[in-house]
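# An overview of the molecular structure
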Amino acid sequence: MSWNFALILFLLLVLTGAVKIIDRVWLRKARAARAEAEIQRQLKEGVLDADSAEERSRALRNKLNRAPWWVEYAVSFFPVILFVFVLRSFIVEPFRIPSGSMLPTLQSGDLILVNKFSYGIRLPVLDQKIIPIGEPQRGDVVVFRYPVEPQTDYIKRIVGLPGDEVAYINQTLLINGKVVPHVRDGDYYDPERMAYGARYIETLGERKHDILLNENAMPNLSPIWRFPYFDQCRYGREGVRCIVPEGNYFVLGDNRDNSLDSRYWGFVPDENLVGRAFFIWMNFREPSRIGGFK
């Protein structure tokens, strides 16, 4: 999205919070003072008779003490906005999978949750890490701000950590010179393309996950821009080989031949990480997909 939802939420929080504080410190007292002054005026002028003075004074006081509609709305919405802001800034944030680049792990239309504190607590809006908690691990599925277009969120799998040599040669992934094992596991039907693809089980260290390979695809890995640390990569007819710089990560989509990832646009800086994806909370077309994933 071109607009920053976190910034909009923060501004709403500040606005409603300011109205709540001003109402408590000043507006509420001012309304009470005006109500008492009006009651005394009506008693003095005889508008309120002695028999019904107490009851009518109470009704008049309640009426005059009532906050304007904009104050009532701000005060009512403040705790809701505060809850949502804290939840999505520090705990979990929902995202929608927009494409099939992470098939078969994640499908287009999956609604997922992202853990916001796995890699440290960051200041909302500024995205500045203030409390380091953990580091991304090889095999993590992460949401991050797309380096080419930072206002857009992407989701891929981390395969290369800082200092790693990552190569993708003829549909084979190599890390630090060692082939990452992948074993054929039948076919996978892609409902969007209405076609079958070869499913493999890939093993990154001790972590296993599914990937798709198009066995008829031709290697054509050309960079789409001259990304930072471009000189850390070497492109050839058979693939690409990169040294991952410090503070950066190399990511791939599980749908290897239908994914725009680090092979084409470079590395993901640590400051671009949003969080670790860990749970599918809804898919309206296929509710059975609800649950965790690897």
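Reference entry: report on the structure contained in this document. Everything numeric in this text was worked out from a predicted model, so none of it was measured.

Moving on: the state of the cysteines. Going through the model one piece at a time under the given rule, you end up with 1 disulfide. Through a disulfide, cysteine 233 is tied to cysteine 242; the S-S separation comes to 2.1 Å. The sign of the 115° torsion about the S-S bond sets the cysteine 233-cysteine 242 disulfide as right-handed. An identical accessibility class is assigned to cysteine 233 and cysteine 242; each is buried.

Attention now moves to the nonpolar core. Leu173 and Phe250 are the most contacted members of the largest nonpolar core, which has 33 residues in total. The element contributing the most residues to this core is strand E15 (residues 248–252), with 4 residues. Excluding anything up to four places from it in sequence, phenylalanine 250 contacts Arg157, Ile158, Val159, Gly160, Val166, Cys242, Val244, Ser262, Arg263 and Phe267. With 13 residues, the next largest nonpolar core counts Ile97, Val114, Val274 and Ala277 among its residues.

Spatially, 5 strands are ordered E9-E8-E7-E14-E13 in an open sheet, and the strand pairing comes out antiparallel. A single partner strand is all that each edge strand has here, and the edge strands are strand E9 (178–179) and strand E13 (233–236). As paired strands, strand E7 (residues 165–169) and strand E14 (residues 239–243) are joined by 5 bridges and run antiparallel to one another. Pairing of valine 166 across the sheet is with cysteine 242, part of E14.

It is worth spelling out the packing of aromatic side chains at this point. Enumeration according to the criterion identifies 14 aromatic pairs in this entry. Judged by centre distance (6.0 Å) and plane angle (90°), the rings of phenylalanine 227 and phenylalanine 267 are edge-to-face. You can see phenylalanine 227 sitting in the loop between strand E12 (207–213) and E13 and its partner phenylalanine 267 sitting in the loop between helix H4 (262–265) and strand E16 (268–269), a full 40 residues away along the chain. Judged by relative accessible area, which is 6%, phenylalanine 267 ranks as buried. In textbook terms, an aromatic cluster arises when at least three aromatic residues are bridged by ring pairs, as seen for Phe227, Phe230, Tyr235, Phe250 and Phe267. Cation over ring: arginine 263 sits above tyrosine 168, and NZ or CZ is 4.7 Å from the ring centre.

Parameters and conventions
Within each chain, residue numbers correspond to sequence positions counted from 1 in written order. Local features in this predicted model are restricted to residues of pLDDT 70 or higher, and side-chain atom pairs are both shown and tallied only at a pLDDT of 80 or more, whereas totals for entire chains, interfaces and linings draw on every residue. Values shown for side chains rest on all heavy atoms present in the structure; no hydrogens or waters enter the calculation. By definition, disulfides here are pairs of cysteine sulfur atoms that lie within 2.5 Å. For every residue, the accessible area obtained with a 1.4 Å probe (protein chains only) is divided by the maximum for its type, and the residue is called buried under 20%, exposed over 50%, and partly exposed between those limits. Side-chain atoms within 4.5 Å link the members of a nonpolar core, which is a set of buried Ala, Val, Leu, Ile, Met, Phe, Trp, Tyr and Cys residues. Helix and strand labels come from DSSP, where a helix needs a run of H or I of at least four residues and a strand needs a run of E of at least two; each type is numbered from the N terminus. Here, two residues are considered to be in contact whenever any of their heavy atoms come within 4.5 Å of each other. Any two strands with at least two DSSP-identified bridges between them are counted as paired. Aromatic rings from Phe, Tyr and Trp, taking only the six-membered ring of Trp, are treated as a pair when their centres fall within 6.5 Å; an angle between ring planes under 30 degrees marks them as stacked, one over 60 as edge-to-face, and anything in between as tilted. When the NZ atom of lysine or the CZ atom of arginine is within 6 Å of a ring's centre and also within 35 degrees of its normal, the charge is said to sit over that ring.

So far we have only geometry, and geometry alone does not tell us how the molecule works.
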